[in-house]
Amino acid sequence: MSTDTLFRRITDYANRPDPYPLYAELREHGVARQEDGAFLVGTYDEITALLHDPRVSSDVRNRDDAEELLAGEDPAAPRSFIALDDPEHDRLRRLAMRRFGPPHTPGRIDALRQDITAIAEDLARGLGEKQHIDIVDDFAFPLPVAVICRLLGVPGEDVPQVHEWADAVVAGLDFSPEEEPAERRRTALQARQAMGVYLGELARTRRERPTGDLLSQLANEDGPDGRLTDGELMSTATLLLIAGHETTVNLITNGVLTLGRHPEALQRLCDDPELMPRAVEELLRFEPPVQFLPQRTPLADIEVAGVTVPKGAPLILVLASGNRDPLRFPEPDRFRPDREDNQHLGFGSGVHSCFGAPLARLETQIALTVLLRRLGSWRLLADPPEYRRSPVLRGPRHLPVERGGGVS
Amino acid sequence: MRVVVDLNRCQGYAQCAFLAPRVFELHGEEALLYTPAVPNDQRERVLQAVAACPVQAITAGEQAGAGEL
Ligand code: HEM
Ligand code: SF4
């Protein structure tokens, strides 16, 4: 088939369970121009180079078709730093980092260990003796939102509402071409605004009466880079809530799915739980929750593997394909929980590389460890499972498993 | 357990300093300091840091660093 339909085939829901052969096809060409003028890149070295190239923008306002893309959005609304370039990106990320991690706040994520473990244990206890379990609804789905709300200082009684908004926003990112996106985009925009307003209100309360959580500290920050404006605070807090939600749900779920498919790896992890941190890195390579980065744009004509990608064209970096590049990873299609030299692209690379990576790692390691211990022996009931629609944030919608009859 | 960081490889990604802040410490934005002799209660954290380091700059084990001075 022609390579200029690759993106259509990748986004086609029928290929959600296994997009990897399409990625292999993409890698044969390195760069593939699509029928709509977008460029797909699927090889490890080229993706890495582009992620470190200052001529590649994360701000879609640099797209040739920006006006169309941004229809309905308020141009004056502050953008979150994932969608900005340096120096604005750097200033906002640095301000947020001052209260999230080292060097200024080194113990913050470490201090969440007990909370995360308690939340995971609680959910696992909730499974009781149930014979049939949906890993998504019963376990993976509620966990990351609970954790990020704890970190930010969102009161417990508001968590369900925040969860609902986060889902609506993520649904809006899902641009399956066969569906009419306008309605979903509108709902998503409304949810994002509602969440922003809520977090802005909460931040104002915390400015008067700080409670020691991340939001209180961000609201009262007075470091060398100054303080976040109200608008910036809203967009940053919203970003933290959204960026870590479905991604982490999918990593946990993909973990259970992958272990269900690889009984020998599952057995090794049950025998040797110290292997878990490395197994999670391998999952980030093998089944990454962010399959591609759809919103890069070159600020100048750029040569990529002999092809010129013109300024202003959509540039799509297929992380999940780079992760399976045989030039970088030996036996890339094998899941090896003890893989060495595993510099995967699961969290991206370069200046935008995942801000929340340490938290996501910890959450997933703890979640899978607690879950495996509680499940006893189990097996997958549906393989492949039913997937969510999104080709970007790819993961199962449900993952039914049955206790008994499997490993351990 | 002992730990060694290959500071020529280290890119200052700070993943280690998040996961085991009592063993790995970032000074300023770049410089990494660490405690080569890992206290027992930090063992699990250090293994997490080893796995998380994007450039695999950290070696941990009973023998790590032996004979390198
Ligand atoms: C397994 C879970 C996660 C995965 C796979 C993941 C993946 C990614 C990737 C691939 C990027 C790069 C985006 C780009 O280059 O355009 C990114 C950025 C980001 N992530 Fe994550 N993420 C996860 C969890 C989290 C969590 C828990 C948080 C919040 C605490 C978070 C916050 C962010 C933020 C704020 C950015 C933007 C960074 C920037 O633009 O400088 N992520 N993530
Ligand atoms: S995680 Fe690795 S690269 Fe990053 S600071 Fe630690 S040792 Fe250096």
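Conventions used here
Residues numbered from 1 in each chain as written. Chains lettered and ligands numbered in written order. Predicted model: local features only at pLDDT ≥ 70, side-chain atom pairs only at ≥ 80, totals over all residues. Heavy atoms only, no water. Helix = DSSP H or I, 4+ residues; strand = E, 2+ residues; numbered from the N terminus. Rg over C-alpha atoms; globule rule 2.2 N^0.38 Å. Buried < 20%, exposed > 50% of the residue type's maximum accessible area, 1.4 Å probe, protein only. Contact = heavy atoms within 4.5 Å. Areas by Shrake-Rupley, 256 points an atom, 1.4 Å probe, with all protein chains shown as cover. Lys, Arg positive; Asp, Glu negative; His and termini not counted. Charge placed at Lys NZ, Arg CZ, Asp CG, Glu CD. Buried area = accessible area lost by both parts, 1.4 Å probe. Salt bridge = Lys/Arg side-chain N within 4 Å of Asp/Glu carboxyl O. Polar contact = N/O pair within 3.5 Å; in protein donor to acceptor, adjacent residues only side chain to side chain. Nonpolar A, V, L, I, M, F, W, Y, C, P; charged D, E, K, R; others polar. Donors = N, O, S within 2.8 Å, 3.2 Å for Na, K, Ca; no water. Pairing = 2+ DSSP bridges. Axes fitted to C-alpha atoms, helices over the stretch in contact; angles between N-to-C directions. Near = heavy atom within 4 Å.

A. Region of interest: the overall build of chain B. Per the secondary structure count, chain B includes two helices and four strands. Going from N to C terminus, chain B has its helices and strands arranged as β-α-β-β-α-β. At 11 Å, chain B has a C-alpha radius of gyration in line with the 11 Å of a compact globule built from 69 residues. Taken over the C-alpha atoms alone, chain B extends approximately 30 × 25 × 20 Å along its principal axes. Counting the 69 residues in chain B, one finds 43% classified as buried. Considering only residue pairs separated by 6 or more positions, chain B has 64% of its internal contacts joining residues 24 or more positions apart. Approximately 3700 Å² of chain B is accessible, and the part contributed by carbon and sulfur atoms is 48%. Within chain B, one finds 5 positive and 8 negative side-chain charges whose respective centroids are separated by 7 Å.

B. Geometry of the overall build of chain A. The number of helices and strands found in chain A is 17 helices and 10 strands. For chain A, the C-alpha radius of gyration of 21 Å lies close to 22 Å, the compact-globule estimate for 408 residues. When the backbone C-alpha atoms are referred to their principal axes, chain A occupies close to 60 × 55 × 40 Å. Evaluated residue by residue, chain A yields a buried proportion of 57% over its 408 residues. Put simply, chain A shows about 16800 Å² of open surface, and 52% of that area lies on carbon and sulfur atoms. Side chains of chain A carry 48 positive and 66 negative charges; the gap between the two charge centres is 3 Å.

C. Spatial organisation of the interface of chain B and chain A. Chain B puts 19 residues into the contact, and the matching count from chain A is 23 residues. Across the chain B/chain A interface, buried area totals approximately 1900 Å², and carbon plus sulfur atoms make up 55% of it. For the pair chain B and chain A, the number of links is two salt bridges. A salt bridge links E274(A) to R43(B); its shortest N-O distance comes to 3.0 Å. Counting every contact that joins chain B to chain A gives seven residue pairs in polar contact (both at pLDDT 80 or more). Of all the secondary structure elements, the ones that give two or more residues to the side of chain B that touches chain A are α1 (15-19) and α2 (43-52) of chain B. The dominant element in the side of chain B that touches chain A, judged by the number of residues it contributes, is α2(B), at six residues. Here the side of chain B that touches chain A is composed, by residue class, of 12 nonpolar, four polar and three charged.

D. Representation of the coordination of the iron atom of ligand 1 in the model. Coordination of the iron atom of ligand 1 by the protein involves just one donor, C354(A) (SG), at a distance of 2.3 Å. Here C354(A) lies in the loop between α16 (319-322) and α17 (357-375).

E. Highlighting the sheet that holds strand β4 (residues 132-134) of chain A. Residue and element names in this part refer to chain A. With antiparallel pairing, the three strands of this open sheet are ordered in space as β4-β10-β9. On the outer flanks of this sheet lie β4 and β9 (378-380), each paired with one strand and no other. Pairwise comparison of adjacent strand axes, ignoring direction, gives a mean angle of 30 degrees for this sheet. Where β4 meets strand β10 (residues 400-403), three bridges bridge the pair, whose relative direction is antiparallel. The residue of β10 that forms the bridge with I133 is V401. Against the sheet, helix α13 (residues 246-261) touches β9 and β10, its axis set at about 100 degrees to β9.

F. Focus on the site of ligand 1. All names here are of chain A. In the neighbourhood of ligand 1, 27 residues make up the surrounding shell, with H89, R93, R296, H352 and C354 lying closest. Between R296 and ligand 1, the recorded distance is 2.8 Å, taken from a side-chain N or O atom to an oxygen atom. Within the contact set of ligand 1, an oxygen atom lies 2.6 Å away from a side-chain nitrogen or oxygen of H352. At the level of secondary structure, the elements contributing two or more residues to the shell around ligand 1 comprise α5 (88-98), α12 (230-243), α13, β5 (293-298) and α17. Class assignment for the residues of the shell around ligand 1 results in 17 nonpolar, eight polar and two charged.

The values are spatial; any link to function lies outside them.
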